[in-house]
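Below, each chain spelled out in residue letters.
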Amino acid sequence: MPPNSTSSLEQSEGPGPWRLAGLDAARGLAVAGMIVVNVGPRGGDSLAEILYRLPYGRASLLFMLLGGIGFSLLTRRARSGETPIPAGPILWRALVLFVGGLLLQALDHGVSVILVTYAALFIVALPFTRAAGGVLLVIAGFSASLGPILWLAVQERTDKAFDRDPLTATDSPGELLAGTFITGPYPVAVWAAPFLLGMWLGRRDLSSQLLSTRLIKWGAVSALGARTISFALIVYMGEPTGHLVWQRLISSVAHSQMPLWLVEGTGAAILMLGVCLKIADRCVQRWLQPLVMLGQLAFTAYVGHLLILALAVRPGPATLPEGLVVSALILVALIVFSLTWRRLVTRGPLEVLLRPPRLWPAGT
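All residue numbers refer to position in the chain's written sequence, counted from 1. For this predicted model, a pLDDT threshold of at least 70 governs which residues receive local features, and a threshold of 80 or more governs which side-chain atom pairs are given and counted, while totals over whole chains, interfaces and linings are taken from all residues. Side-chain calculation: all heavy atoms of the structure are included, whereas hydrogens and water are not.

The protein carries the name DUF418 domain-containing protein in an unreviewed UniProt entry, which gives Nesterenkonia sedimenti as its organism.

## Focus: the overall build of the protein
Helix and strand assignments come from DSSP, with helices taken as H or I runs of at least 4 residues and strands as E runs of at least 2, each series counted from the N terminus. Looking only at helices and strands, one finds 15 helices and zero strands in the protein. Accessible area is worked out with a 1.4 Å probe on protein chains only. A residue is then buried under 20% of its type maximum, exposed over 50%, and partly exposed in between. Relative to its full complement of 364 residues, the protein shows a buried share of 52%. Contacts are assigned to residue pairs that have any heavy atoms within 4.5 Å of one another. In the protein, of all internal contacts separated by at least 6 residues, the share reaching a separation of at least 24 is 76%. Accessible areas in this description were obtained via Shrake-Rupley with a 1.4 Å probe; residue shielding takes into account the shown protein chains only. For the protein, the exposed surface amounts to about 15,900 Å²; the carbon and sulfur share of it is 69%.

## Examining unusual backbone geometry
Here the amide bond leading from Gly40 into Pro41 is cis, since omega sits at -5°, within 30 degrees of zero. Across the junction of Gly316 and Pro317, the peptide omega takes the value 0°, indicating a cis bond. Position of Pro317 relative to the elements: it lies in the loop between α14 (298-313) and α15 (320-344). A positive phi is found at His255, a non-glycine position, where the angle reads about 60°. You can see His255 is positioned in the loop between α11 (209-237) and α12 (259-283). Non-glycine residue Gln257 carries a positive phi angle of around 70°. Counting through the fold element by element, Gln257 comes out in the loop between α11 and α12. According to the relative accessible area criterion, Gln257 is buried, its value standing at 0%.

## Structural notes on a nonpolar patch on the surface
Each patch is built from salt-bridge-free residues with over 30% relative accessible area, joining like charges within 9 Å and nonpolar side chains (Val, Leu, Ile, Met, Phe, Trp, Tyr) within 5 Å. Any Lys or Arg side-chain nitrogen found within 4 Å of a carboxyl oxygen on Asp or Glu counts as a salt bridge. Where nonpolar side chains cluster on the molecular surface, the patch consists of Val138, Phe142, Leu146, Ile149 and Trp246 and spans about 470 Å² of accessible area. Position of Trp246 among the secondary structure elements: in the loop between α11 and α12. Look at Trp246 and you get partly exposed, because its relative accessible area is 40%.

## Focus: the packing of aromatic side chains
A pair of Phe, Tyr and Trp rings is counted when the ring centres sit within 6.5 Å of each other, with Trp represented by its six-membered ring. The angle between the planes then sorts it: under 30 degrees is stacked, over 60 is edge-to-face, the rest tilted. Summed over the entire model, instances satisfying the criterion amount to nine aromatic pairs. Through successive ring pairs, a cluster of aromatic residues spans Phe63, Phe71, Tyr118, Phe122, Phe195 and Tyr302. Arg204 extends its terminal NZ or CZ atom over the ring of Trp200, reaching a point 4.5 Å from the ring centre. A ring is considered to have a charge above it if a Lys NZ or an Arg CZ atom is located within 6 Å of its centre and within 35 degrees of its normal.

## Quick look at the confidence of the model for the protein
Confidence in the prediction of the protein, expressed as mean pLDDT, is 87, and 89% of residues score 70 or more. Values of pLDDT, ranging from 0 to 100, describe the predictor's confidence in every residue of the model. Mean pLDDT across the secondary structure elements of the protein bottoms out at helix α1 (residues 9-12), with 38, and peaks at helix α10 (residues 188-201), with 97.

## Considerations on α15
Here α15 contains 25 residues, and its C-alpha end-to-end distance of 36 Å stays within 8% of the 36 Å for a straight helix at 1.5 Å per residue. Of all the residues in α15, the buried ones are Leu320, Gly323, Val326, Ser327, Ile330, Leu334, Ile335, Ser338, Leu339 and Arg342. Take the number of residues in a helix, subtract one, and multiply by 1.5 Å to get its expected span.

## Here we look at the packing of helix α8 (residues 133-157) against α10
In this analysis an axis means a line fitted to C-alpha atoms, helices contributing only their contacting stretch, and an angle means the value between N-to-C directions, from 0 to 180 degrees. Axis separation between α8 and α10 bottoms out at 7 Å; the angle between their running directions is 160°. Between α8 and α10, the angle is such that the two are roughly antiparallel. α10 is crossed by α8, and the crossing has left-handed handedness. Here Gly133, Leu136, Leu137, Ile139, Ala140, Ser143, Ala144, Gly147, Pro148 and Leu150 of α8 come into contact with α10, specifically with Val188, Ala189, Val190, Trp191, Ala192, Ala193, Leu196, Leu197, Met199 and Trp200. Split into classes, the residues belonging to the contact of α8 with α10 amount to 17 nonpolar, three polar and no charged. Note on terminology: angles under 35 degrees are roughly parallel, angles over 145 are roughly antiparallel, angles of 65 to 115 are roughly perpendicular, and the others are oblique. We call a crossing left-handed when the near helix sits turned anticlockwise from the far one by less than a right angle, and right-handed when that turn is clockwise. We call Asp, Glu, Lys and Arg charged. Ala, Val, Leu, Ile, Met, Phe, Trp, Tyr, Cys and Pro are nonpolar, and the rest, Gly among them, are polar.

## Topic: the pattern of salt bridges
Under the counting rule described, the total for this entry stands at three salt bridges. As a salt-bridge pair, Asp24 and Arg27 come within 3.9 Å of each other at their nearest N and O atoms. On the criterion of helical spacing, the pair formed by Asp24 and Arg27 is a turn pair, its members being three residues apart in helix α2 (residues 17-39). Neither Asp24 nor Arg27 differs from the other in exposure class; each is buried. The partner of Glu264 in a salt bridge is Arg227, and the shortest N-O contact between them spans 3.2 Å. Remark: Arg227 occurs in helix α11 and Glu264 occurs in helix α12; sequence separation between them is 37 residues. Using a relative accessible area of 39% as the deciding quantity, one classes Arg227 as partly exposed. Through salt bridges with shared partners, a single network forms among Arg58, Arg227 and Glu264.

## Section: the packing of helix α7 (residues 115-125) against α10
The description of two packed helices rests on the angle between their axes and on the distance between the axes. At their nearest, the axes of α7 and α10 sit 10 Å apart, and the two run at 65° to each other. As for the relative orientation of α7 and α10, their crossing is right-handed in sense. Packed against α7, whose contacting residues are Thr117, Ala120, Leu121, Phe122, Val124 and Ala125, the element α10 presents Val188, Trp191, Ala192, Phe195 and Met199 at the interface. Across the contact of α7 with α10, the residue classes tally to ten nonpolar, one polar and no charged.

## Description of helix α6 (residues 87-105)
Taking 1.5 Å per residue as the helical rise, α6 with its 19 residues ought to reach 27 Å, and the 27 Å between its terminal C-alpha atoms agrees with that figure. For α6, the complete set of buried residues consists of Pro89, Ile90, Arg93, Ala94, Val96, Leu97, Gly100, Gly101, Leu102, Leu104 and Gln105.

What follows is the structure, encoded as C-alpha cells:
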C-alpha cells in the first residue's frame with residue numbers, strides 16, 4: 001500500500017494511517033451503497049429485494065456523517081489555535097462541489113445529486129468551527145427535530161406544491177436557496193443533523209477501540225429503536241397518508257425527511273463507521289484495501305458512477321438480477337480504477353480540484 005496520503009484535504013489532517021484507513025473504508029462503503037441505490041431497481045417485497053435496497057436512505061447519511069468528520073479533521077489545527085480557520089480552502093471546496101453538483105444534475109442519470117447540499121453544509125459549518133462539542137450536538141438535535149417540522153410546515157403552506165425536484169443550473173437564485181435549505185431532496189434544515197454529528201465525532205479519538213465499540217453499540221440501538229418506535233406508532237395511529245401531512249412525523253420511510261428515519265438511518269451510519277474503524281487495522285492490507293482505495297477516490301467514484309449511469313445504463317435495470325450485475329460491474333470498475341490510480345498518483349483526478357489552485361501539484 002502506498003503512503004497514506006489520501007484523496008481529500010480533511011484526511012491529510014488525520015493523525016495516522018490506522019485512523020485514516022477506517023474512515024476511507026467507511027467512505028468507500030458509502031459510495032458502494034449509493035451505487036446500488038442509484039442503479040436500482042428499488043421495488044419488490046422479497047427478502048432478496050429488501051436486502052438489496054438496505055443502503056437506501058442510509059448510504060447517503062453515512063456520506064454526510066463522514067463529511068462532518070472530514071470538516072473537523074480539516075480544521076483540527078485551527079481549533080487548537082495553531083493556524084487560522086482555513087476559510088479560503090473550505091469555500092473553494094464548497095464552490096467546486098456546488099457547481100459540480102449543478103452540472104452533474106443536468107445529465108440523464110435519474111439521480112438527485114447530493115453534492116449541492118454537501119457544499120452548503122461546509123459553508124454553514126464555518127461559523128461553528130471552534131464551537132464547543134455540546135453546541136454542535138444541540139444544533140444537530142434541533143436539525144433532527146425541528147428541521148422535519150419546518151419541512152412539513154412549508155409543504156403544508158404551499159399546499160404540498162413542491163415535490164423535492166433536484167436543483168439545476170437553470171434555477172433562479174431564490175429557487176436554489178430554497179431548494180438547498182428546505183424544499184430540495186436533501187434539505188440542509190434536516191441534513192445538517194448528521195453533518196454536525198460528524199463534526200462532533202471528528203473531534204473524538206477515532207483510533208480508540210472503546211469508541212468504535214460504542215459506535216457499534218449505540219448505532220445499533222438508535223437504528224433498531226427508531227424503527228421499532230415508528231412501527232409501534234403506525235400500528236397504534238395508522239399508516240401515514242398524503243392527506244394527513246403531520247401524521248408523517250411517525251414515519252421512518254427512507255428519505256421521508258422525518259425524525260425517526262433520520263435517527264434510524266444515522267444510527268445505521270454510525271454502526272457501519274464503528275465496524276470500519278474496528279476492523280481497519282486488521283484488514284487494511286488484505287480484503288479491505290479495495291474499499292479503502294475506493295474511499296480515497298470517493299469524489300471521483302461518485303462522479304464516475306453518475307457518468308456511467310447516464311451514458312451506459314439508463315433506462316434500466318428493471319429486475320433485481322440486472323441491478324445486481326450492473327451494480328457489481330460499476331463497483332468493480334471503479335475499484336480497479338482506484339487501485340491502479342493510487343499506485344501511480346497521490347490524489348484522485350477530481351480530488352485535486354478540491355484543493356485551491358495554488359495547492360495543485362506541478363503539472364496538474
